[in-house]
Structures are given as C-alpha cells and as structure tokens.
Amino acid sequence: MDLALLFSGGKDSTLAGLFLDSFYDVRLVTGRFGVTDDWEHAAAAADRLGYPFEAVDLDRDVAEEAAARMREDGYPRNGIQRVHEHALERAADLDVDAVADGTRRDDRVPTVSRAQAQSLEDRHGVDYLSPLAGLGRHAVDRLVDENLDVETGPSAEIPKGDYEAELRELIAREGGREAVDRVFPDHEQSYVRGFADD
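Residues numbered from 1 in each chain as written. Predicted model: local features only at pLDDT ≥ 70, side-chain atom pairs only at ≥ 80, totals over all residues. Heavy atoms only, no water.

Going by the annotation in an unreviewed UniProt entry, the name recorded for the protein is Alpha hydrolase, with Halobellus rubicundus given as the source organism.

Okay, structure coming up:
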C-alpha cells in the first residue's frame, strides 16, 4: 500500500517513516510554496535515508494568509496549523492509500483532531495515520538517539525542509527580521543526517 508521509527532514517525521515502513510503501512528501528552496533540505535527507521523495506545490495564498495571521497573533500556532492542514489535503490528493505525519502526543501544534482525520479520510478515500501520536517527547528522543544521526540547534539556524522557513521569509518580507523574532519563540529544531550506524 502506498503512503505519503509529510516530511521535513527532522527527527519526528523520520521516525514516523521508520514506524510505517514495515506496513506501507512510504513516500516522503514535502510541501513547498515557492518562496524559498528550503524544501531541498528534506529532499537531501530523504535521499540519505533511502526513501522516495516528492515535493508538492502548496497554494501560495495559504502561506500568505498564514503569515499574516501569525503576525497578527504574535505567535505561530494558528498559521502553522492552517498550513499543516493544507499540506495534508495536498498529500491526500496524491495517488496513495494513506497519508501520515510525525505529530507526537504532546505536540501543541500542529495537531489533527479525530473529526479532522475522519473528514480527510472520507473526502479523499485515504487512511490518516499518526504513528507517533502515542509517544511523548522523551520516548521519541530515546528512539531517535538509538537509530538516527541528528543535528539539533536553534530553529533559525538548522537546515530544514518544512514550511516554517518559507513562512519566516514571508513574515520578514512584510515586517523585517524583527517581526520574525516577535512571532517565533526560540525553539530547537532537528535535521536528520542519516542512520546512527552509517
């Protein structure tokens, strides 16, 4: 069965792929708005991991709406949530039996409610899976430490293929780097360099 997994090149989406690999033909999928070429970081990580990869075009209007919302709110939650939902919709449009993401039990954003998952499944005829939904941060970190070679650091400095980089760029174009700093709290990001035994 074919599965499209939303993939950033980070530890959570990579670990989700490892969980699903026993049951599905996993294709790593990164959404891009065409603002930057940061999606290429996810493509490089997918190549190192040996998974098929696809970049899907997301609607630029969604990115601009999300960036404006984030600037208005002063925090990223609602904008990131909107983009994640849009990316899942785009992944579900692919010729796959299932879509998945790397959301964990204790993630604040993005999240997918039971109602959203059922709606996605019913409208697109796919299964939605969140293989890390039962795992907390510490469990994920232990599994990652044992199996993956990961670079971590401040989000603004770590290469990543998720849509955060493009949203940061849109916010910077409208309000400068100061606006980016106001919207995004300091947080750690991860980027997978390969398997731990490579």
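What follows continues from the structure just given.
Draft legend 1. Representation of the sheet that holds strand E5 (residues 127-129). If you trace the 5 strands from one edge of the open sheet to the other, you get E3-E2-E1-E4-E5, paired in parallel fashion. Edge positions in the sheet fall to strand E3 (53-57) and E5, since each of these pairs with one other strand and no more. Within this sheet the neighbouring strands show an average axis-to-axis angle of 30°, counted without direction. When strand E1 (residues 2-6) meets strand E4 (residues 98-100), the two strands line up parallel, connected through 3 bridges. The residue bridging Leu5 from the neighbouring strand is Ala100, located in E4. Contacts from helix H2 (residues 39-49) reach strand E2 (25-32) and E3, with the element oriented near 160° to E3. (Pairing = 2+ DSSP bridges. Helix = DSSP H or I, 4+ residues; strand = E, 2+ residues; numbered from the N terminus. Axes fitted to C-alpha atoms, helices over the stretch in contact; angles between N-to-C directions. Contact = heavy atoms within 4.5 Å.)

Draft legend 2. A look at the side chain of Asp38. Positionally, Asp38 belongs in the loop between E2 and H2. On the basis of relative accessibility, which here comes to 19%, the residue Asp38 falls in the buried class. A distance of 2.6 Å separates polar atoms of two side chains, one belonging to Asp38 and the other to Thr36. Setting aside its immediate chain neighbours within four residues, Asp38 contacts Lys160, Gly161 and Ala165. (Buried < 20%, exposed > 50% of the residue type's maximum accessible area, 1.4 Å probe, protein only. Polar contact = N/O pair within 3.5 Å; in protein donor to acceptor, adjacent residues only side chain to side chain.)

Draft legend 3. Quick peek at unusual backbone geometry. The residue after Val109, namely Pro110, is reached through a cis peptide bond having omega -5°. Its place among the elements puts Pro110 in the loop between E4 and helix H5 (114-124).

Draft legend 4. The arrangement of the side chain of Thr30 in detail. Following the sequence through the fold, Thr30 ends up in strand E2. Those residues in contact with Thr30, other than ones at most four positions away along the chain, are Phe7, Trp39, Ala42, Phe53, Glu54, Ala55, Val56 and Gly161.

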